[in-house]
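Observations on chain architecture
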Amino acid sequence: MEIKIPEVGESIYEATIAKWHKQEGDSVAKEDLLCEVETDKITLEIHAEAAGTLSLKAAEGETVRVGAVIAILAESAGNAAEASPPPEKTKPPKAAAEKSVKKPAKDEPKPTAKPAAAAKPAVVPPPAPAAQTPPAAPAKTTSAPESDQRTTRKAMSPIRRKIAERLLAVRQQTAMATTFNEADLSRIMDLRRRHRDSFKARHGVKLGIMSFFIKACAEALKEFPEVNARIDGNDIVYQHFYDIGIAVSAAKGLLVPVIRDADHKDFSELEQTIGDFAERAAASRIELSELEGGTFSISNGGTYGSLLSTPLLNPPQSAILGMHAIQERPVVRDGAVVIRPMMNLALSYDHRLIDGRQAVEFLMRVKTLVEEPEEMLLEL
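This section reports on the structure supplied with the text.

In this section: the sheet that holds strand E4 (residues 33-38). One open sheet holds the four strands; their spatial order is E5-E4-E2-E7, and the pairing between them is antiparallel. If you trace the sheet from one side to the other, it starts and ends with strand E5 (43-47) and strand E7 (63-65), each paired once. This sheet shows a mean twist of 40° between the axes of neighbouring strands, independent of strand direction. With four bridges connecting them, strand E2 (residues 14-20) and E4 associate as antiparallel partners. Bridge pairing in E4 links Thr16 to Glu38.

All right, on to the sheet that holds strand E15 (residues 258-259) then. Taking strand neighbours across the sheet as the criterion, the six strands line up as E9-E18-E17-E16-E12-E15 in an open arrangement whose pairing is mixed. Pairing within the sheet leaves two strands with one partner each, and these edge strands are strand E9 (176-184) and E15. In the sheet, strand E12 (residues 244-246) pairs with strand E16 (residues 296-300) via three bridges, with the strands oriented parallel. From the neighbouring strand, Ile246 faces E16, where its bridge partner is Ile298.

This part takes up a nonpolar patch on the surface. Taken together, Phe180, Leu307 and Leu308 make up a surface patch of nonpolar side chains, about 270 Å² in accessible area. With respect to the element layout, Phe180 can be found in strand E9. For Phe180, a relative accessible area of 41% corresponds to the partly exposed category.

Calculation notes
- Residues numbered from 1 in each chain as written.
- Predicted model: local features only at pLDDT ≥ 70, side-chain atom pairs only at ≥ 80, totals over all residues.
- Heavy atoms only, no water.
- Pairing = 2+ DSSP bridges.
- Helix = DSSP H or I, 4+ residues; strand = E, 2+ residues; numbered from the N terminus.
- Axes fitted to C-alpha atoms, helices over the stretch in contact; angles between N-to-C directions.
- Patch = residues over 30% accessible without salt bridge, like charges linked within 9 Å, V, L, I, M, F, W, Y side chains within 5 Å.
- Areas by Shrake-Rupley, 256 points an atom, 1.4 Å probe, with all protein chains shown as cover.
- Salt bridge = Lys/Arg side-chain N within 4 Å of Asp/Glu carboxyl O.
- Buried < 20%, exposed > 50% of the residue type's maximum accessible area, 1.4 Å probe, protein only.

Dropping the structure here:
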């Protein structure tokens, strides 16, 4: 059985063998994980479709074309027996059996054996004198230069190369700008505290922060259609659906799977989808189709402690919201200085399509919705 690189998308033509989980000559069982392969978009796992013995045809780290054979699985006897039953034994025809034994004719003279000619003795040449090998000189042990131990060169993975290309393209092919604001999350934190247990008991997931921002962004995108649009040549494509990408961390790099029709999902559905994305991204199980077609993205650098950053666009999208760490800070409310849980927000946008006023007003709308979430957002 040939193990091939599967087709995963129209724009993917090659993949790199990231890791072999089984080695040359290993016996594998059906459904065993054979290897991980990386494309420029996702990591795939290839499993054995039958039990057998593995013979590798591509080395770890090698880049091969889609459809190429990377291993041969010699199926075990049990599988081969199931696949093709042994043929039934057949007796040779009677006539053929009789012909196979030739009987001498009655009057046929018996052959007279001739004495064998005496074999001539073989002439063996005398052995060549052994070459005199000089005694080996003792090898000198030399330590590697220190400079060789100070650096390590490693080829970029396909995913990392693609990320680098896309990030560079953002800088070169868009007029990216960023506007900043901050949001007081006191009410969200209070709502989560008061409804935490009942929400978990009812829906089986925790009520997080991200779902509030997804709902707020979906609402704001309806009010500012340019932020949800994209440029295609000389045209503006207005998208009347709200598929929001959520940046999640994976072992091979950042992935942005898309929540389809985010405006139609309630809080529990959003939290379940986010949790599923995070779990499958960590295991490299995100499908290529889940990374395509988003209209807007959200990135939460606050999970890593970031207080302020400039998120980069995710083309062909025209805007991305950056969330940051929640930090208790002194702010002025009704003339008094109070301590509140504050979050810095950043909206990066393509200035070719979105004016500064639209970007600022969009971010202000998101800020208002997360600061006053009770009536418009909460669906507990």
